[in-house]
Structures are given as structure tokens and as C-alpha cells.
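# Tertiary structure, described
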Amino acid sequence: RTQAYLLRWLEDRRLDHQSFYLVIAVLVHGDPSVATELAARPEVARIEANPMVQGRSPILPEGGSDLAQTSPPQGVEPGIASIRAHEVWAAGVTGRGIVIGGQDTGIQWDHPALRRQYRGWSEQGVTHDFNWHDSIRSGGGVCGPLTRVPCDDDNHGTHTMGTALGWDGQSNRIGVAPDARFIGCRNMDRGNGTPATYLECFQFFLAPYPYGARPDQGDPTRAPHITINSWSCPPSEGCSALILREAVEAQRAAGIMTIVSAGNTGPSCSSVSDPPAIYQASYTIGAVDLNGLVVRFSSRGPVTVDGSGRRKPDLMAPGLSVRSAIRNNGYSSLSGTSMASPHVVGAVALLWSAFPQLRGQIVQTENLLNQTAVPTPVES
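## Overview of the state of the cysteines
Tallied over the full model, the rule gives 3 disulfides. What pairs with cysteine 143 in a disulfide is cysteine 151, and their sulfur atoms sit 2.1 Å apart. Here the disulfide of cysteine 143 and cysteine 151 is left-handed, its torsion about the S-S bond being about -80 degrees. For cysteine 143, a relative accessible area of 15% corresponds to the buried category. Note on cysteine 151: relative accessible area 21%, which makes it partly exposed. Two residues share a disulfide in this structure: cysteine 233 and cysteine 239, whose sulfurs sit 2.1 Å from each other. Across the S-S bond linking cysteine 233 and cysteine 239, the dihedral sits near 95 degrees, which makes this disulfide right-handed. What makes cysteine 233 buried here is its relative accessible area of 0%. Relative accessible area serves as the criterion here: at 2%, cysteine 239 is assigned to the buried category.

Written as C-alpha cells, this is what we have:
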């Protein structure tokens, strides 16, 4: 309703545009004269750029520029053992009943460690409607744009989802909540996104819709319980500090827990500086090693970019040499806060699976996690 006159104005001028309902925003492709006209309209609060920004890249294994294939260990992954997830499995809690949404570089849905957990898969067949969305409209690397079938053009999204719930049914026990299900949205083109692609995936998760349908045809009953957000939208590259705040707050209001990586620009103070890690509504995760020590690359608070002085990150998790799934049915070890946050996503999936009354109760969940976490020192 608030956009009606503006949308008619854009349509009359045949200007390419995309309307959002998650936040009251419209993406417009136009020249500076169009921006000037829009800025003069009474219903327009502000004009912001929509730059292509570098998402958060993992830290590759020391001495290498490529992902190295690794063999399965004996037993569960060290990070999973360090947060004692396997003890929860022994009690019969494995994440059943919980849906995790991953917005990233995409996902290889049929990876042996992920196929069974994909919500679109069953013994009867596969459906991607309501379970996958692609916000990339051009480029897209090996996947191409607007893919109807889940695809990962970079490995990052497959790796993060693997840490949250991956298991191939044999020795590759890479995920914290192996009986949770997942859906996905590609918000980056080979590691690069825009504010609009990030917003589009947030909007899809609020109420997923079929391929080719309109966002207002979405079904909020198919929304995920938790989302993985191992990416950033840095103001240093033209992304406003506030541009995604309302989107994250909308997720929280809907009972969807938004778990975000803190960033890899530590160890200096106030290096948690990029949306969505800076927001109060985000649950922001830094990285520790297997000895519980904060790793140097993990970004620190307080948040100063928005003047809040907010303490971040909220929690720490294993983020050094984390082994998980990559494209082409492989496995590799990566480091970064991108690898830490999926551990917490999986932990929340276990908690909400064990105690259904906590689902959507984000304040209570955060309090439980904060109060039961093990205090950890920083390195000297």
C-alpha cells in the first residue's frame, strides 16, 4: 500500500524495479536523474546504493590457495566433540523436527552428507519449490543465474550447511544436528552479493514461495526455524550500516533465529563492524580453537560503526580447521567465523528439537546459551 503510487510511477516510465515487503524498499535500476526525481518524492525517505560487495571468505589452509580433499576421521569431528554434541545424540536428540535455512553461495543439495537432510528430498522424489530460491539474476559462475535446482558456485554455502547438519550415514559425521532438515537461498554470486540479494533471501525465508511465483504467494508455515548467515555487507564497500537491520528484526519478530558470523578482521577492538553481525537482533558468533582460545582473526567488539557500543560477539564456537562438505561430493577443512556460526546453528537445532516449547522463543534461547557457555580467555 505504501509503495503503490511509486510503483505506478516506475511502471509508467518503464524503469526496471523490484519491490520488497520485508522492508519498505524498492530496488530501482536507473541513472542519476532518476535518483534525483525519486529523492524529491514525498513517500521516499532515502536513496541508498546497491553495490556488489565481497561476502565473507573463509581462511584457506595454511600454505594453500585451493581446497584440499581430506579423509574422514575416526569418530565425530573435533569441533562437534568440543561442544559435546555427540553426548546429546546419545540421549536421543539429533535435531529432528527443525528446519535450518542457509543463505550463502548456494548448496550442493545432493552431496552425500546433505541429501537426506534436504527438505525437498524424500523416498518418493525431489521437489525444490518452497525449499530453494536463487536471488542471483546474472552471472552465477558454474551455476548460472536464477537456478531452479540448488547449486553452489563457490563451496562456502555447502561447507557451512555441512557443519550445521551434515552426515553421510557412515564415517563423515560433520554436522551438529544430523537429523535436522534444510532449505537454501543463494545470496552471493561467487562470493559477491548486494544489499538487494541479501534482502531477497531474508524475504524468501520469512515466507518461502515456489519457483516463478511472487513473494506475496509465500507460505510462512514453511519458514525455517533458524538461519545460517556466514557473510557480511560491509559499509566500507558501500553498504549502509542500517540497510539490513529491519530485515533481521522482521525475522526475529517471526520467531526465526538469525545466527551470524562475527567476521575475520580481528584481533583489534571494534572489528565487528559489518551488517548483519552488528545488530542487536542478530546472534553473532566468533571463533575459538579446539583449546577454547579465541583465534586472532576473530573480530571483536564493541560495535562502534553505528554508535551503539554494543557488546559483540554474543558467543564463540570452533572455527579453526573445521572439516565439512564441499562441492563435487568432497570434504575439506576451512577456518573462519563462517565455520564457527554453523556450530551454534546446529546447537540451537538440538535444543529446539529436545524442547519444542523453546522454538521461536529467541530471548529465552539466547539466555540459555549465554548462561551455560564456558568462559574462554583471549590469547596473549
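## Concerning the pattern of salt bridges
Two side chains carrying opposite charge are able to pair once their charged atoms lie near each other. Applying the stated criterion to the full structure yields 16 salt bridges. In this structure, the salt-bridge partner of glutamate 87 is arginine 84, at a minimum N-O distance of 3.1 Å. One continuous salt-bridge network, built from bridges that share partners, spans Arg96, Arg116 and Asp179.

## Some points on helix 6 (residues 195-206)
Relative to the 16 Å expected for 12 residues at 1.5 Å per residue, helix 6 spans 17 Å between its end C-alpha atoms, a close match to the ideal helical length. Taking burial as the measure, the 12 residues of helix 6 include 12 buried ones, the bulk of the element. Looking at helix 6, one finds that the buried residues are Pro195, Ala196, Thr197, Tyr198, Leu199, Glu200, Cys201, Phe202, Gln203, Phe204, Phe205 and Leu206.

## Considerations on unusual backbone geometry
A cis amide bond links glycine 266 to the next residue, proline 267, at an omega of 10 degrees. For proline 267, the location among the structural elements is in the loop between strand 11 (257-261) and strand 12 (283-288). Across the junction of glycine 301 and proline 302, the peptide omega takes the value 0 degrees, indicating a cis bond. Positionally, proline 302 belongs in the loop between strand 12 and strand 13 (315-318). Located in the positive-phi region is leucine 146, a residue other than glycine, with phi close to 45 degrees. Structurally, leucine 146 can be placed in the loop between strand 7 (132-134) and helix 5 (156-165). One non-glycine residue, serine 270, lies in the positive phi region at around 60 degrees.

## Details of the pairing of strand 1 (residues 17-20)
Where burial is concerned, the two faces of strand 1 differ: the one with Gln18 and Phe20 is buried and the one with His17 and Ser19 is not. Sheet topology note: the strand 1/strand 2 (residues 25-28) ladder contains 4 bridges and is antiparallel. Its bridge partner lying in strand 2, histidine 17 is registered against valine 28. Between strand 1 and strand 2, which pair antiparallel one after the other, the connecting turn spans 4 residues.

## A few points about the pairing of strand 12
Among the 6 residues of strand 12, 6 are classified as buried, and the element is accordingly described as predominantly covered. In strand 12, alternate side chains face the same way, and those of Tyr283, Ile285 and Ala287 on one face and Thr284, Gly286 and Val288 on the other are all buried. Pairing analysis gives 4 bridges linking strand 12 to strand 13, with the strands arranged parallel. Within strand 13, the position partnered with isoleucine 285 by the bridge is leucine 315.

## Quick notes on the sheet that holds strand 8 (residues 181-186)
One open sheet holds the 7 strands; their spatial order is 7-8-4-10-11-12-13, and the pairing between them is parallel. What marks the edges here is a single partner per strand, and that holds for strand 7 and strand 13. On average, each strand axis in the sheet is tilted by 25 degrees relative to the strand beside it, whichever way the strands run. As paired elements, strand 4 (residues 99-104) and strand 8 share 6 bridges and run parallel to each other. By the bridge assignment, glycine 102 is partnered in strand 8 with glycine 184. Sitting on the sheet, helix 6 is in contact with strand 4, strand 7, strand 8, strand 10 (226-229) and strand 11, with an inclination near 150 degrees to strand 8.

What counts as what
Residue positions are given per chain, counting from 1 as you read along its sequence in written order. It should be noted that, the model being predicted, local features are given only for residues of pLDDT at least 70 and side-chain atom pairs only at 80 or more, the latter also being counted only at that level, while totals for whole chains, interfaces and linings use all residues. Excluding hydrogens and water, the side-chain figures rest on all heavy atoms present in the structure. Note that a disulfide, as used here, is simply two cysteine sulfur atoms within 2.5 Å. Buried, partly exposed and exposed residues are distinguished by accessible area as a fraction of the type maximum, computed with a 1.4 Å probe on protein chains only: under 20%, between the cut-offs, and over 50%, respectively. Each salt bridge in this description consists of a side-chain nitrogen of Lys or Arg and a carboxyl oxygen of Asp or Glu lying within 4 Å of one another. Where helices and strands are cited, they refer to DSSP runs of H or I of at least four residues and of E of at least two residues respectively, numbered from the N terminus. Multiplying one less than the number of residues by 1.5 Å gives the expected span of a helix. When DSSP finds at least two bridges between two strands, those strands are taken to pair. Note on geometry: axes are C-alpha line fits, over the in-contact stretch for helices, and angles between N-to-C directions span 0 to 180 degrees. Should any heavy atoms of two residues lie within 4.5 Å, those residues are considered in contact.

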